[in-house]
Amino acid sequence: MYLTIKETAEYLSMPEAAVESLVQQNKISTIFDGNQHLINKEQFNTHFEQLEKYKKMVEEYLSEPIPEDWDAKDED
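These numbers were taken from a predicted model, which means no experiment stands behind them.

*Asks:* I'm lost on the overall build of the chain in this one. Help?
*Replies:* Broken down by element type, the chain carries 3 helices and 3 strands. A compact globule built from 76 residues would reach a C-alpha radius of gyration of about 11 Å, whereas the chain, at 22 Å, exceeds it by more than 25%. The C-alpha extent of the chain, read off along each of the three principal axes, is 80 × 20 × 15 Å. Per-residue burial over the chain gives 16% buried out of 76 residues. Excluding contacts between residues fewer than 6 apart, the proportion of contacts in the chain whose partners are at least 24 apart in sequence is 47%. Side-chain charges of the chain comprise 7 positive and 17 negative groups, with the mean position of each set lying 9 Å from the other.

*Asks:* Explain the environment of Glu52 to me, please; I cannot follow it from the model alone.
*Replies:* When you line up the elements, Glu52 lands in helix H3 (residues 45-63). The exposure class of Glu52 is partly exposed, given its relative accessible area of 43%. C-alpha of Glu52 to C-alpha of Ser13: the two residues are 39 residues apart in sequence and 16 Å apart in space.

*Asks:* Before we go on, may I ask you to explain the pattern of salt bridges in this structure?
*Replies:* Side chains that carry opposite charge are capable of pairing whenever their charged atoms lie near each other. In total, this model carries 1 salt bridge according to the counting rule given. The salt bridge partner of Glu52 is Lys55, with a shortest N-O separation of 3.9 Å. Of this pair, Glu52 and Lys55 are both found in helix H3, 3 residues apart, which corresponds to roughly one turn of the helix.

*Asks:* Teacher, can you tell me more about the nonpolar core here?
*Replies:* Burial of nonpolar side chains together is a common tendency in soluble globular proteins. In this structure, Ile5, Ala9, Leu12, Val19, Val23, Ile28, Ile39 and Phe44 together form the largest nonpolar core, which totals 8 residues. Elements with a contribution of two residues or more to this core: helix H1 (5-12) and helix H2 (16-24). Looking at this core, the element that brings in the most residues is H1, giving 3 residues. Discounting residues that sit within four places of it in the chain, Ile28 has contacts with Val19, Leu22, Val23, Ile39, Gln43 and Phe44.

*Asks:* Please clarify how the sheet that holds strand E1 (residues 2-3) should be interpreted in this entry.
*Replies:* The strands that make up a sheet pair up through hydrogen bonds in the backbone, lying either parallel or antiparallel. One open sheet accounts for 3 strands, arranged E1-E3-E2; its pairing is antiparallel. Since the sheet does not close on itself, it has two edges, and those belong to E1 and strand E2 (30-32), each with one partner. By the bridge criterion, 3 bridges tie E2 to strand E3 (residues 37-40) in an arrangement that is antiparallel. Looking at E3, one finds that Phe32 is bridged to His37.

*Asks:* Would you explain the side chain of Thr8 in this entry?
*Replies:* Mapped onto the fold, Thr8 is located in helix H1. With a relative accessible area of 0%, Thr8 lands in the buried category.

Calculation notes
Numbering of residues starts from 1 in each chain and follows the order in which that chain's sequence is written. Under the rules for a predicted model, residues below a pLDDT of 70 receive no local features and side-chain atom pairs below 80 are neither given nor counted, while totals for whole chains, interfaces and linings still include all residues. Side-chain numbers here rest on the full set of heavy atoms in the structure, without hydrogens or water. Secondary structure counts use DSSP, requiring at least four H or I residues in a row for a helix and at least two E residues in a row for a strand, with both numbered from the N terminus. Only C-alpha atoms enter the radius of gyration, while the globule expectation follows 2.2 Å times N to the 0.38, with N the number of residues. Note on classification: 1.4 Å probe, protein chains only; a residue is buried when its accessible area is under 20% of the maximum for its type, exposed when over 50%, partly exposed between these limits. A contact between two residues is defined here by any heavy atoms of the two lying within 4.5 Å. Two residue types count as positive, namely Lys and Arg, and two as negative, namely Asp and Glu; His and chain ends fall outside the count. Charged side chains are reduced to one point each, which is NZ for Lys, CZ for Arg, CG for Asp and CD for Glu. Think of a salt bridge as a Lys or Arg side-chain nitrogen and an Asp or Glu carboxyl oxygen that are within 4 Å of each other. Throughout, nonpolar core names a set of buried Ala, Val, Leu, Ile, Met, Phe, Trp, Tyr and Cys residues whose side chains join them through atoms within 4.5 Å. A pair of strands is labelled paired if DSSP reports no fewer than 2 bridges between them.

Here is the structure:
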């Protein structure tokens with residue numbers, strides 16, 4: 001499915017100017033139909049999958065219990 005720059009900005013929750021900048025930098029691939037740039041929505045799937053993995057990793061790290069404080073007493 002192809003989206004316009006405006007639709008892509010809404011989909012990614014970004015300002016349109018940021019999406020246009022990424023298109024100009026060739027960080028987002030597009031097809032130009034003569035009037036506007038069209039962006040394939042599927043190219044963001046990998047990004048969202050990696051985001052989900054990162055969120056799970058952070059949640060696991062934060063839910064890990066803090067080990068008890070090991071109190072070493074100096075016997076000297």
